[in-house]
Amino acid sequence: MDGTLWLDGRPRFLITGEYPYYRDHHGRWAAKLGAIRAAGIEVVTCYVPWRHHEIADGDGRRWCFDGDGNRDLGGFLGLVAAAGLLAVVKPGPFVHAELPFGGLPDRVSPTLDPARPAARSADGRPLPCQQYALPSALDPGFLADATGWLRAVGRFLRPFAHPHGPVVAAQIGNEGHYGESALPIDALDYSRPGAESFARSAPGTDPPTREEDRLSADGLRSLVGWGRWSAEALATGMAALAEALGPDVPAFTTHAPPARADRVPGREAGRHDAWLARNRVGAATALPRAYTSWTGDVLSDEEALVNYVLAAKAGPGPNIEENWGLRWAEEGCAFPVVPIHHTLLGVACGATGISVYPACATEGWGRHLAVDRAWLAATAGDPVPFDPPYGDAAPIRLDAGPGPAFAAVRVLTHFLAGRQDALAVSRPEPGVCWGVHPPYAAVGAWDRTGNGDRPVPSAARTLVPFVAHCLRRSLPFRLAELTGRTALDPSAGPLVTVSGRFMERALQRRLAAFAEHGGALLLVGEPPALDEDLEPWTELAEAVRRCRTGRVRTAPLAGQPLGAAVENWLRDSQGPPAGPGPWLELRRTTADPEEALVFLFNRSGAPLRARTACGGHPVTADLVGGGCAVVQVAGGRLGACYVKGLNERTGARLPVRVRVGDDLLRSDRPCDLSALAGPGGFEVRTAAASGEAGVVLPEAP
C-alpha cells in the first residue's frame, strides 16, 4: 500500500541492515545479529545467491539451504528470529553484490554455453558481467532455470514467512534483471528473444538503431515503441519472477538512480531520459518498488544530489541500500555524517524505510564466491571490491564489536523507531508536479540530433535543472507520469511538463482542458504543432494562446534560465514563493497544518541557524557544517527531534539547539541527539564527541 509494508494490520517503517551471511563464518552469525539488534536495526536484509546454494551432485544439481557452514539459510533465519529481528530476503536471480557473475551460476552464461542467447546491445555486443556474457532474461531456457531457482527458494521460505517466521518480504531482481534500470536505453535486449518480444509488442515496427535518422513518423514510432517495450519487458519480467517465488512472501522490485555521467561515457545526454522511460517514473506499478542509492556524495556533488532525490521520488517505497561500509565505492561512507545525510534526505523525499548497507563487516567466503584473479589481472581491475573484509567501514566490526559508526546508527534508529507512526501517516509536501511524458523520454534517451531539429527537449536540459533549482530554493515537488489517459485535476496544484514538436492528441486534449479550467500549467519548450503521427495538431498550442493569465505559459529553452521561468510563473500563478535560507528544507506533512516533520540540511561547510515556521509557530535548529536535523512539530510544540551535531569527516562539532514555539531543547556539548516526547517526558539518546552530553529539555507536551 503506497510503498509501505503492512504487518499485522499496521504500516511499518522499515529500519533495515544488510548482513551477507554467505560471506561470513556461520559461527559468527549469532553475535553479529545480536549487535545488529543492539544498533536499533529491526529488519535484516540479505541476498540469497543462486551460485552459493546450487550444488553439483553427481551428474546433476541440488539446492542446499541447510546443513553445515554458511549455506545453512534455515539456521541463519532461525537466528534472525531468535534475535528478535525480521528479515527481507533478496534471491535475485541476478544479485550483483560484488559476487562472481553477479551471483548467477557460471553454467547459465552464453560464454560457456553458446546455445544460450546472450543479452545484447543495439550494436550487437553481449552484456557482460566480469568475464562472462549474461544470458538474455527473455530466453525461455534461462527463464526456466531462473524460475526453478526461485520456486525452490519460495518452497524453502514458506515455514519462515511472517507471522510464523521472520521473513516479511522478498526483493525480486536487482535494479532490474541485470541493473538495467540505469543503463542506456539500447544496452539490451537486442537478442533474438528480445527481438521476438518487441515484435509482439509493436507489430510491424523495427527496433531502433543508433545510426538511423529517426525524425520520420516511422522512426518516432520505433523509438517510442522501444521505450514502452523496455518498461513493459522489465515490469512483466519482474512480475513473472515474483510469481515463481510464490504468494507466501510479499515481493517488491528495485530501481537505481539515474546513471552518473562517468558511468556511461559518450552517452551522458540521454541517461536521465533512459531512466525515466524504463522505470515508469511517477507511475503506479504492478509490484511495489524500493530504490538503491549509489549516487556518490550528495554533500559535495550536485549531480549526486539531483540523482539521489530523483530516485527517492520516482515512486513510493523504502531505501533498500544506503552505503555505510563499502569505502571503495564512496570514501565518505566511512564518516556517518554522509550516509545519515543521505538517509534523511531520502526519508524527507518519501522513503518508507532506511538501510544500513552493510551493517557488519564479513570475511570467510569460499572459492565459488571469490572473483577470478586472472580476469582482474587481464582487465587491470581493482581487486579491492572483491577482497575481505567486505564492509571495511561498517558500523559493526568483524568480531561483532561496535565500529566507529555504531553510536551514530543507534541515535538515528532511536529517532526513526520512536516516530514510526508519524512516518507512516505523513507524506512529502506535494508542491509542484513535474509531469513525466514517457514518449518524450523514449525519444530523448537516444539523444538524436538528426539535422539539428530535435523533436523533444532532453531531460538533461529540462528535468535536471528544474530539480536543481527546486533544491536550491527548497521548493517542494513531485513526479507523476502523464499519458493520454492521465486524469488532470486543476485543483491538485501547479503542473510543469516538457513540450516538444509532437504530442499525442489525447494528451494535448487533456492538458488543454486542464489549462482552460484554471490549472496552473508551464510548458517547458515549444508548444506542439504535430500529433503522434507527425500530422498537424495544435489543440494545446491554441489553448495556451487563449489562456492570457499568468497561470498558463511556455518557457522556451532558448530564453531565460529554467529556474527563473519557474519562479516567475509561480509568482504570477500562486504568489511569491517563500524566500529560501542557506539550507535545504523539506517536509513530510499530514492533514493537520500544525503537524509536520521538518527536515533541515546544511549543505555548506559552515555552521548556521536554520529558521522556519510551522502552523505559525517559529522553528529553529542549529546545524553543524554538513549536518542535518529533523524536527517534529505537533500542535505548536516540539514532539521530537533528531540532530546530527557531529561532522566526523571535517571534525566540526556543534551543541544541539532546537526551538519550536516556546519549547527549547539544547545540549551542553556537541553531540548527535534523538529526543522523543512521551506521556512521561522526553526520552533522549545521544552520542557525544567526548563524555556524556547533558540535555536541557522542555516540558512534555
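This is a predicted model, so every value here is computed, not measured.

**Student:** Give a detailed account of the overall build of the protein chain, specifying residues and quantitative values.
**Tutor:** The secondary structure content of the protein chain amounts to 17 helices and 30 strands. In terms of C-alpha radius of gyration, the protein chain reaches 26 Å, essentially the compact-globule figure of 27 Å for 701 residues. Dimensions along the principal axes, computed over C-alpha positions, put the protein chain at roughly 75 × 70 × 45 Å. Considering the protein chain as a whole, with its 701 residues, one finds that 59% of them fall into the buried category. Of the contacts made within the protein chain by residues no fewer than 6 positions apart, 73% connect residues no fewer than 24 positions apart. As displayed, the protein chain has an accessible area near 25900 Å², and 52% of this comes from carbon and sulfur atoms. Counting 70 positive and 77 negative side-chain charges, the protein chain places the averaged centre of each group 3 Å from the other.

**Student:** Could you give me a rundown of the pairing of strand β5 (residues 54–57), with the residues and numbers involved?
**Tutor:** Where β5 lies against strand β6 (residues 60–63), 4 bridges are found, and the strand directions are antiparallel. From the neighbouring strand, Glu54 faces β6, where its bridge partner is Trp63. The antiparallel pairing of β5 with β6 creates a hairpin that spans 2 residues between the two strands, and Gly58 there sits at a positive phi of about 65 degrees.

**Student:** Requested: an account of the packing of aromatic side chains, with residues and values cited.
**Tutor:** In this structure the tally under the stated criterion is 24 aromatic pairs. With a centroid separation of 5.4 Å and an interplanar angle of 85 degrees, the aromatic rings of Phe94 and Tyr178 are classed as edge-to-face. With a gap of 84 residues between them, Phe94 in the loop between β7 (86–92) and β8 (128–129) and Tyr178 in the loop between β10 (167–172) and α5 (192–201) connect regions that are remote in the sequence. Accessibility expressed as a relative area gives 8% for Tyr178, which makes it buried. Each residue in the set Trp50, Trp63, Phe65, Phe94, Phe142, Trp149, Phe156, Phe160 and Tyr178 is aromatic and connected to the rest through ring pairs, giving one cluster. The positively charged end of Arg23 is found above the aromatic ring belonging to Trp365, 4.6 Å away from the centroid. Lying over the aromatic face of Phe477, Lys313 brings its terminal NZ or CZ to 4.9 Å of the ring centre.

**Student:** Can you explain the packing of helix α8 (residues 302–313) against helix α9 (residues 337–348)? Please cite residues and give values.
**Tutor:** Between α8 and α9, the shortest axis-to-axis distance is 9 Å and the interhelical angle comes to 45 degrees. It follows that α8 is oblique to α9 by the angle criterion. In the packing of α8 onto α9, the handedness of the crossing is right-handed. Listed contacts from α9 to Leu305, Tyr308, Val309 and Ala312 of α8 are His342, Thr343, Leu345 and Gly346. Considered class by class, the residues forming the contact of α8 with α9 number 5 nonpolar, 3 polar and no charged.

**Student:** Go over the layout of surface pockets with me, naming the residues and quoting the values.
**Tutor:** Considering only enclosed or pocket space, the second largest pocket measures out at about 900 Å³ in volume. Together, 40 residues line the second largest pocket, and Arg228, Ala231, Arg280, Pro438 and Glu481 are the ones closest to its centre. Counting only elements with at least two residues in the lining of the second largest pocket, the list comes to α6 (217–245), β11 (251–255), α7 (271–279) and α13 (438–444).

**Student:** Talk me through the pattern of salt bridges; I want residue IDs and the actual numbers.
**Tutor:** For the structure on display, the rule yields 43 salt bridges. Across the pair Lys90 and Glu18 runs a salt bridge, and its minimum N-O distance is 3.0 Å. Taken together, the positions of Lys90 in strand β7 and Glu18 in strand β3 (residues 14–18) put the pair 72 residues apart, joining distant regions of the chain. Residue Glu18 is classed as buried on the basis of its relative accessible area of 1%.

**Student:** With reference to specific residues and values, describe the sheet that holds strand β14 (residues 353–356).
**Tutor:** Reading across from one edge, β13-β12-β11-β10-β7-β4-β3-β14 is the order of the 8 strands in this open sheet, with parallel pairing throughout. If you trace the sheet from one side to the other, it starts and ends with β13 (319–321) and β14, each paired once. Adjacent strand axes in the sheet meet at a mean angle of 35 degrees when their direction is disregarded. Across 2 bridges, strand β12 (residues 289–292) lies against β13 in parallel orientation. Its bridge partner being in β13, Tyr291 is matched across the sheet by Asn319. Against the sheet, α8 makes contact with β11, β12 and β13, and its axis sits at roughly 170 degrees relative to β12, the strand it touches most.

**Student:** Break down the nonpolar core for me, citing the residues and quoting the values.
**Tutor:** With 178 residues, the main nonpolar core has Ile36, Phe76 and Phe466 as its most contacted residues. Of the residues forming this core, the biggest block, 12 residues, is contributed by α6. Formed by 26 residues, the second largest nonpolar core is a distinct cluster that contains Ala596, Val619, Leu623 and Val643.

**Student:** Now, about the sheet that holds strand β17 (residues 477–481): what can you tell me, with residues and values included?
**Tutor:** If you walk across this open sheet you meet the 5 strands as β17-β16-β18-β19-β20, and the pairing is parallel. On the outer flanks of this sheet lie β17 and β20 (552–555), each paired with one strand and no other. The mean inter-strand angle of the sheet, taken between neighbouring strand axes irrespective of direction, is 25 degrees. Relative to strand β18 (residues 495–499), strand β16 (residues 432–436) runs parallel, the two sharing 3 bridges. Following the sheet pairing, Cys433 is matched in β18 by Leu495.

**Student:** Pulling in residues and values, what's your account of the packing of α8 against helix α14 (residues 463–473)?
**Tutor:** Closest axis-to-axis distance for the α8/α14 pair is 10 Å, and the angle between their directions is 95 degrees. Here α8 lies roughly perpendicular to α14, going by the angle between them. Seen from α8, the contacting residues are Glu302, Leu305, Val306, Val309 and Leu310; seen from α14, they are Leu463, Val464, Val467, Ala468, Leu471 and Arg472. Residue classes in the contact of α8 with α14 are distributed as 9 nonpolar, no polar and 2 charged.

**Student:** Describe the side chain of Glu321, naming the residues involved and giving the relevant values.
**Tutor:** Summarising the element assignment, Glu321 is placed in strand β13. At a separation of 2.3 Å, a polar atom in the side chain of Glu321 contacts the side chain of Tyr47. Polar contacts involving the side chain of Glu321 include one to the side chain of Trp294, which spans 2.8 Å. Aside from chain neighbours lying at most four places away, what touches Glu321 is Tyr47, Lys90, Asn174, Tyr291, Thr292, Ser293, Trp294, Ser355 and Tyr357.

**Student:** Can you explain α9? Please cite residues and give values.
**Tutor:** If you check α9, its first and last C-alpha atoms are 16 Å apart, about what 12 residues at 1.5 Å a residue would give, namely 16 Å. For α9, a buried count of 12 out of 12 residues is recorded, marking the element as mostly surrounded by other parts of the structure. Every buried residue belonging to α9 is among Val337, Val338, Pro339, Ile340, His341, His342, Thr343, Leu344, Leu345, Gly346, Val347 and Ala348, and all of these are buried. Trailing α9 by a residue or two, Gly350 shows a phi angle of about 120 degrees, which is positive.

**Student:** I'd like a description of the pairing of β14, backed by residues and values.
**Tutor:** Side-chain alternation along β14 places Gly353 and Ser355 on one buried face and Ile354 and Val356 on a second face that is also buried. Pairing geometry for β3 and β14, over 4 bridges, is parallel. If you follow Leu14 over to β14, its bridge partner there is Gly353.

**Student:** How would you sum up the environment of Ser474? Please name residues and give values.
**Tutor:** Along the chain, the position of Ser474 falls in the loop between α14 and β17. With 103 residues separating them along the chain, Ser474 and Pro577 place their C-alpha atoms 9.6 Å apart. Here Ser474 is in contact with Trp583, Leu584 and Glu585, once residues within four sequence places are set aside. From its side chain, Ser474 meets the backbone nitrogen of Glu585 in a polar contact 3.0 Å long.

**Student:** For the state of the cysteines, give the residues involved together with the corresponding values.
**Tutor:** Summed over the entire model, instances satisfying the criterion amount to 0 disulfides. Left without a disulfide partner, Cys470 is nearest to the cysteine sulfur of Cys349, which lies 11 Å away.

About the cut-offs
One numbering rule holds for all chains: residues counted from 1, following each sequence as written. Selection of residues for local features in this predicted model requires a pLDDT of at least 70, selection of side-chain atom pairs for listing and counting requires 80 or more, and totals for whole chains, interfaces and linings are taken over all residues. Side-chain metrics rest on all non-hydrogen atoms present in the structure, leaving aside hydrogens and water. Put simply, DSSP marks the helices as runs of H or I at least four residues long and the strands as runs of E at least two long, and each gets a number from the N terminus on. Here the radius of gyration uses the C-alpha set of atoms, whereas the globule reference equals 2.2 Å times the residue count to the power 0.38. To sort residues, take the accessible area from a 1.4 Å probe on protein chains only and compare it with the maximum for the residue type: under 20% means buried, over 50% means exposed, and anything in between is partly exposed. Any two residues whose heavy atoms approach within 4.5 Å are treated as being in contact. Each accessible area value is a Shrake-Rupley result obtained with a 1.4 Å probe; residue values ignore everything except the protein chains displayed when judging cover. When charges are counted, Lys and Arg contribute as positive and Asp and Glu as negative, whereas His and the chain ends are disregarded. All charge positions are set by atom: Lys at NZ, Arg at CZ, Asp at CG, Glu at CD. Strand pairing follows a simple DSSP-based rule, namely that at least 2 bridges must link the two strands. Aromatic rings from Phe, Tyr and Trp, taking only the six-membered ring of Trp, are treated as a pair when their centres fall within 6.5 Å; an angle between ring planes under 30 degrees marks them as stacked, one over 60 as edge-to-face, and anything in between as tilted. Working rule: Lys NZ or Arg CZ, within 6 Å of ring centre, within 35 degrees of ring normal, means a charge sits over the ring. The axes are straight lines fitted to the C-alpha atoms, using for helices just the contacting stretch, and the angles between their N-to-C directions are given from 0 to 180°. Any angle between 65 and 115 degrees counts as roughly perpendicular, while under 35 counts as roughly parallel, over 145 as roughly antiparallel, and the rest as oblique. By definition, turning the near helix anticlockwise from the far helix through less than a right angle yields a left-handed crossing, and turning it clockwise yields a right-handed one. Charged residues are taken to be Asp, Glu, Lys and Arg, nonpolar residues to be Ala, Val, Leu, Ile, Met, Phe, Trp, Tyr, Cys and Pro, and polar residues to be all remaining types, Gly included. Buried and open spaces are told apart on a 1 Å grid over the protein atoms alone, a cavity being a set of points where a 1.4 Å probe fits but cannot get out and a pocket being an open set with protein on both sides within 12 Å along at least five of seven lines. Residues with an atom within 4 Å of a point are the lining residues. Grid points are joined across faces, edges and corners, and a volume is the space filled by probe spheres set on the points. Here, a salt bridge means any side-chain nitrogen of Lys or Arg that lies within 4 Å of a carboxyl oxygen of Asp or Glu. The criterion is simple. A nonpolar core is a set of buried Ala, Val, Leu, Ile, Met, Phe, Trp, Tyr and Cys residues joined through side-chain atoms within 4.5 Å. The definition of a polar contact used here is a pair of N or O atoms within 3.5 Å, where within protein one atom must be able to donate a hydrogen and the other to accept one, and adjacent residues in sequence count solely through side-chain atom pairs. Here the expected length of a helix is defined as 1.5 Å per residue gap, with one fewer gap than residues. Note on disulfides: each one is a pair of cysteine sulfur atoms within 2.5 Å.

Everything listed is a geometric property; what it means functionally is a separate question.
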